[in-house]
Every structure is written in structure tokens, then in C-alpha cells.
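Architecture and fold: a report
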Amino acid sequence: MLAGLPTVRNIASTKHNRISWFHRWSITFLLLFVTPAFAILLAGCASYGPYHADTAENPFNSVRGPKDGRYRMAFIEFGDLGSALDNTQIKTALELIHQAERPALFVYIHGWQNSAESGDVCRFEHFLDTISRFPEATGAKVNVIGVYMAWRGRDLIFPGLNLLTFYSRKATAAGIASQVTCLATLDELALAARDPSKKVHSCILIGHSFGGLILGNTITHSILDASGTGTRVTNPWDMAVTFNSADSSISTRQLMKQLDYLYKYDPARHAYVSRNPGAGNDTAVPENRPFLVFLQSENDSATGKFFPIGTGFYNIVGLRFHWQKVSVPGHHGEKVSEQEFYTHTPGNNRYLVNYQVVPLGEASPPPGLEAAENRAFEANLLQNHPDYSFYTSEHNDGHEDRFCKNGEYNPDQALTSTGREHWQRWRIVYTGNARVPCWIVRVPKEIIWEHGGLWSDNSVALLAALFRIEFPLISAGKMAPVPSIRAPSTPDLHERSLHELHRGLLLPCHSLDRTKIPGRQLECDLRNQAHLPRPEPANAEEGHPQSVCQRRCSRLYKSSVCRGSFIWARQASWLCCWRSHVLCGCARCNTIGRHKRRSLMDEQATQKQSVPTLDTSSRLAYERTYLAHERTLMAWVRTALSLISFGFAIAKVFEFLHEKEGKRAPLLGARGVAIIMIVTGLAALALATIQHQRASKVLHERCPGLPRSLAGVLAALIALMGILALLSAILRQ
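Residues numbered from 1 in each chain as written. Predicted model: local features only at pLDDT ≥ 70, side-chain atom pairs only at ≥ 80, totals over all residues. Heavy atoms only, no water.

**Notes on the overall build of the chain**
- Scanning the chain from N- to C-terminus turns up 22 helices and 23 strands.
- Looking at the 733 residues of the chain, the share that counts as buried comes to 47%.
- Put simply, of all contacts in the chain between residues at least 6 apart along the chain, 76% involve residues at least 24 apart. (Helix = DSSP H or I, 4+ residues; strand = E, 2+ residues; numbered from the N terminus. Buried < 20%, exposed > 50% of the residue type's maximum accessible area, 1.4 Å probe, protein only. Contact = heavy atoms within 4.5 Å.)

Dropping the structure here:
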């Protein structure tokens, strides 16, 4: 009777075979995959340390250039934590600038996959050599000086694996920008170049890709810095330009918002003037003198396509699902999710781009040009551009790469024309977004090709045009004196109040006792006199009353993680935010307390009145669209359920067959295929749910009365079942 039942010995033998198989598989995996991968990583790591260190034997090892001294290029290298790898490099670069009588300083910060030994060094040196050979530079005896600020933009040199360093190199670039040394070095270089004793001086900062992230984040904090006299001071450099910046547009939006708060555009004066009526003329910023210029190629796939994918994946892995709504600069109170700014670079953010380069057609070269190479560069320097038009003269075919042989540049090689000139005229036009002294310009691919085309002939010609736009000529070869600009103080309260009332950014008047804002009573009086409706409550960035709820939660729930603002708690942990909601007794973050419930109901009533009323046809159209999205998600749920169920069935059937026959399953047999099918089903379900949530969010914003998605609940249950099936298939050996 017991012949058909497994004995204790058989069960123990089967378990021993499973354990032995697991050990053999683990050792095989380590030998075949882990060990070679570890060896490749060790062999593929870039060396850490200065590549051009100054020594006692060669104190100018960090400087290179031709024998005739028409240009000099110095290296300053930074470590991953923002410290200088060799402090003597900074000292050598400063001495080089101090010795020059007419310095024209170009400071360049490279991007991802580059370092102090990459091909970008050669292209930057070719750029310096080109400028030094132009008749305008030789005639004025300008000392062209370049500073190549290097960092480990490429820490893995093994082909293919270096593409996996996106997140680590982005974090490194942000860390360098947040430290003191980078900004202090830029300040010292600019102050040395703009010494009043210099006969001619200029300082231009250039950043590319992650180098644009470093440059933008570094100087953004100093553009409107405060002095000890209670006023603001402007930056010490002449022009700052980033090419295809690979930074999120969070800080750029905040900079433009602050500039929009301080300045307003005056079309009669063609200048950005202070919102404070009592400010002097020395606070006005000419329209042609922006503090920072972002140049973005229209066909840059690295920042236009892959950057949103990379940051979106990081959001999923980091469980970042809560985003506050922030105001768009210059859009009169329009608010969008901050995710829009986190996942897009400044040049690819439709809410921030305020200028665009448009074609004007083919053109003829101006007379009197003497340059032998890239003659549009000379043409753009010789004349002013009051209408913001400029020339390009070449085909964008990588002509600059001809002068780089094995990563080395030969300064003695003659620079000749390509012989394929194609003259065109272009114009930089305003697009309608925030008009502030920060330009974000979309550039056609004929000028900047893809992500790395910043050193092309046409891109360099555009850079020359920007320089002449910011520093026009008053006579032949003589630039207009640069007036000192003093940043304005805080705008007048009356002007500020009227401006913000139209944008809907002020706090409710009944919150006066909690806000403690100076002059708040005058703002409330202005609103009452104008009989304006109460604006909807602003978000946390603008001073949302939810800070009261935050303080209540901090008192009720003394957690080292949840103590503080809800925004920080949401970023740290969604579970922490949920527990804070429960302990506060808040269903939403803007609940203030029972003793203020009546004021809250008044605000909600005002908000409901501001929602547009939909007619019957529009309402039915939204409901049909909503149901269509529900059906789409249900179709994905069925697909995922089929994959998960079929995969689980394959795993169980073949597990039974192998146990019955006593055979060991192959490395990638039916069980492996089953796991792949389950994972595919879960991935499809996750992507479909994300797409459904985004579409539903848009529909609920435009039609608030739509019901909550029941298909999403079912998708979550199916996903839970799929995870259990996956664990069962993996853990059962």
C-alpha cells in the first residue's frame, strides 16, 4: 500500500540533489560571469589623479600652446568630490592671466565621457587656435587664453560599460557644482581676466552636457548674490553659455522665476527694468546682455530622448510618485507638475524655452573678410546685430575633426578653408515665454549637430554672434564700454502685490496670523479694495498653509524621518507621508485644523467656482475617453494575466515532470522561459498602469467629476498575484 508513496530516504536524496545542483550552479555562475565581469571593471576603470600635474622639474606641465605664443591653454582638474586634484594648476592658470596685457579668456567645462585626455581637449584647442589666427585678434594683439576645467566625466573606459555610468557621472557633476572650489575658481579666473589694469579684457564661460550642469548650477547661485550693503551684485564674467545642458530644469525654472520677480521687460527701452519704481537706471539690464544663455540643438537625442527615459526610470526605482505643482515663469500663475521640469533639460522644456533660431535664407558673404577658415565667425564679429541676425558659412560636416590626429592637436598645421562654403542667415527670435535676462535658445541641426556639435564651424560662428550681440561696436574695431549693472533690490510692495494678484500666488488674507509676512496687511487691503476673488492656495514653495499641518504632525508624531515638511517626507518615504496623514487626522495635506474648517470650506468653494462648467456633450466626450482608457488598461491586464498564468503553468508542469523522472533541469529550460514570461507580464502591466495614470490625471484635471479607476485596482491585484507567482517559480528548486 505504501509502494507509491515517497520514502524518507527518497525525500532526503531529492533535497540533497537540489542543494548540490544549486551549489554547482552558483560556482559555475561565479566562474563564468562574476569573475570576468569584476576583472573587466577593474581593467576598465580610468585612473584617478591629475593627468597634467605641475612638478618641480616641469612647473608648467599644465600649460600647452604653440611656440609663438599666440594662444595658451591651461588645465585645472577636479576630483569626484569637487576638490582640485592639483592646486598648483589653479596658481599656474592665474599667473598666465596676470602676465597677459590683453587677455581674452575662455573657460570650458567638458561633459560626459570626456576627461583631461579625451578628444574634447583637441577640439577645444583647435577652437582657441582658430580665434588666435583671426585678423581681429592678431591686429589688436589679443592674448587668447583657454582654461580646460576637467573632471572624471568618463570613469569607465571599457566600450559599452561606460554607457552605464549615466547616473553616477550625473551625480558627480552635481556634487562638483555644489561645492565651493568650482565657483571660487571661476571667480578668481574672471577677476584676474577683468583686472582694470588690462587694456583689453573679456571672460567667457562655456559648458557642455554635464559640464553645462556644472556651469549652470555653479553660477546660478552667484548671478543674483547679495552684498553687505543690502543690494545685489552681478557676476564677474562677461558671458556664460551652455551647449546642450544635461541638467534637469529645476534650478533653471527657479532662476527664471526669481528674475521674473525682480525684472519686467520694457519694450520701449529694450531692457529688463526693476519692478521697483524707485530703482535707478543702473539696475536696468539691456536686452542683449542676458546673465546666462542655454543653446540647445533641436536634434540632440541624448538630452531630448534618453535623458527623460533615464530620469523617468530613476523615479520609478526611487519610488518618487509625489510631485508638487509649481508656477511657470511668465505664465501668469499657470502651475504644472514639477516632474515636467525634473525629467526635461532646460532646452527641451516647452515651458521655459524663450528664444529660437529661425532661418532667413541663403546669403552672400560680406565684403572685406580676411579669414581663411570659418569666415562667418569673422563676419559676425565685424558688425553689430541689432535685429539678432547672424551668418553661418559652412556645411555642418565635422570639419573640425580633421585637425585631431589620435587625440593630439598640431598647432603648426595650416588652417585652410573647406572649399564648400554655404552662406546662410539666421535670426534669434523671442518665442513668448518668460522674457527675462536668461535665454534658452533652440538651435537648428544645421548649426549644432546632435549632442557633441558645439565645436562645429557654424556653432562657433553662433558663439561669435552672441559675443557681438552682448558687446556691440561703437566704431571700427572698438567695443562700447560695458556699464556696471547693479541688481535691483526687492520690488516695491504695491507693484509686487498687483503683479502677484494677477498671477494668483498670494496667501489667503485669513492666514495673516500664521504667515508672519511683513507688509501682509497692505496686500490684503489692496485685494479688498480691488474686490478681487481669493486666489486658490499656492503650493509649498510659495508658502502654502499646509505648513501648519506639517507643524501639527511634527508635534504629534516625533519621528526622526517624518519630522519636518511634508515635501521632504514625500521624497524620503511614501509610507512616512501616509502615517503622517493618519496621525494628523488629515485626508489631504492642505487640511489646517478643525478650528479653521470654515475658512477651508470657503477656499474650497472658491476653487469649485473657478472650475469651468462643462456642457453635456463635452462631459460625455470626457467620459467616453475615460472609459476608453479603462478598456485599454483592462486589455493590458488580460495580456499580462495570460503571460503570468501561462508562465506559472509551464514552471509547475515541468517541475513536476523533472521531479517524477529525477532529472536535473537545464540552465535555461522551461523554468527559465516561464520566469521570463512572468517578468514580461509584470513589466507590461507596470508600463500600462503608468500610462493609464498619466492619461487619467489629465482627464481628471479637465473634468474633476470623473470616477476613480477600478481597472487600476484590478491591475494592482493582478500585479500582486504575478509577484507571488514569480517568487514561487524562482524559490522552488
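**Observations regarding the pairing of strand β10 (residues 271-274)**
- Sheet topology places strand β9 (residues 263-266) next to β10; four bridges connect them, and they run antiparallel. What sits directly across from Asp 266, in β10, is Ala 271.
- Hairpin connection, β9 to β10: the antiparallel pair is bridged by four residues, and His 270 has positive phi, about 50°.
- Inspection of the sheet shows β10 paired to strand β11 (residues 285-286) by two bridges, in the antiparallel sense. Counted as the bridge partner of Ala 271 is Pro 286 from β11. (Pairing = 2+ DSSP bridges.)

**Structural notes on the confidence of the model for the chain**
- Per-residue confidence for the chain gives a mean pLDDT of 76, with 67% of residues at or over 70.
- Note that residues 227-232 has pLDDT below 50 and, in this model, 14 contacts with residues that lie over four places away or in other chains. (pLDDT = per-residue confidence, 0-100.)

**Some points on the packing of aromatic side chains**
- Across all of its chains, the model carries 24 aromatic pairs by this definition.
- With centroids separated by 6.1 Å and ring planes inclined at 45°, the aromatic side chains of Trp 112 and Phe 210 adopt a geometry described as tilted. Of this pair, Trp 112 sits in the loop between β3 (103-109) and α3 (119-133) while Phe 210 sits in helix α7 (residues 210-223), placing them 98 residues apart in sequence.
- By relative accessible area, Trp 112 is classed as partly exposed at 23%.
- Centroid distance Phe 467 to Phe 471: 5.1 Å. Interplanar angle 45°. Geometry classified as tilted. The same class applies to Phe 467 and to Phe 471, which are both buried.
- The rings of Phe 75, Phe 106, Tyr 108, Phe 124, Phe 127, Tyr 148 and Trp 455 are connected pair by pair, giving a single aromatic cluster.
- Between Arg 253 and the ring centre of Phe 341, over which it is positioned, the NZ or CZ distance is 5.8 Å. (Phe/Tyr/Trp six-rings, centres within 6.5 Å; stacked < 30°, edge-to-face > 60°. Lys NZ or Arg CZ within 6 Å of the ring centre and 35° of its normal.)

**Description of the nonpolar core**
- Formed by 121 residues in total, the largest nonpolar core has its most connected members in Phe 127, Leu 295 and Ile 428.
- Here the element with the most residues in this core is helix α12 (residues 457-470); it accounts for eight residues.
- With residues near it in sequence (within four places) discarded, Ile 428 still touches Tyr 355, Gln 356, Val 357, Tyr 388, Phe 390, Val 441, Leu 462, Leu 466 and Ile 469.
- Formed by eight residues, the second largest nonpolar core is a distinct cluster that contains Leu 633, Leu 685, Ala 688 and Ile 718. (Core = buried A, V, L, I, M, F, W, Y, C linked by side-chain atoms within 4.5 Å.)

**Topic: the side chain of Thr 252**
- Locating Thr 252 in the fold gives a position in helix α8 (residues 250-262).
- Filtering out sequence-adjacent residues up to four positions away, Thr 252 remains in contact with Phe 294, Pro 346, Leu 352 and Ile 440.

**Looking at the packing of helix α5 (residues 166-178) against helix α9 (residues 301-317)**
- At a closest axis distance of 11 Å, the pairing of α5 and α9 adopts a crossing angle of 90°. Comparing their axes, α9 and α5 come out roughly perpendicular. Here Phe 166, Tyr 167 and Lys 170 of α5 lie close against α9, whose contacting residues are Phe 307, Gly 310, Phe 313 and Tyr 314.
- Residue composition of the contact of α5 with α9, grouped by class: five nonpolar, one polar and one charged. (Axes fitted to C-alpha atoms, helices over the stretch in contact; angles between N-to-C directions. Parallel < 35°, antiparallel > 145°, perpendicular 65-115°, else oblique. Nonpolar A, V, L, I, M, F, W, Y, C, P; charged D, E, K, R; others polar.)

**Notes on the state of the cysteines**
- Inspection of every chain in the model, using the stated rule, returns one disulfide.
- For Cys 122, the disulfide goes to Cys 404, at an S-S distance of 1.9 Å. The sign of the -105° torsion about the S-S bond sets the Cys 122-Cys 404 disulfide as left-handed. Of this pair, Cys 122 sits in helix α3 while Cys 404 sits in strand β17 (residues 404-405); the two residues are 282 residues apart in sequence, bridging distant segments of the chain.
- Relative accessible area serves as the criterion here: at 1%, Cys 122 is assigned to the buried category. (Disulfide = S-S within 2.5 Å.)

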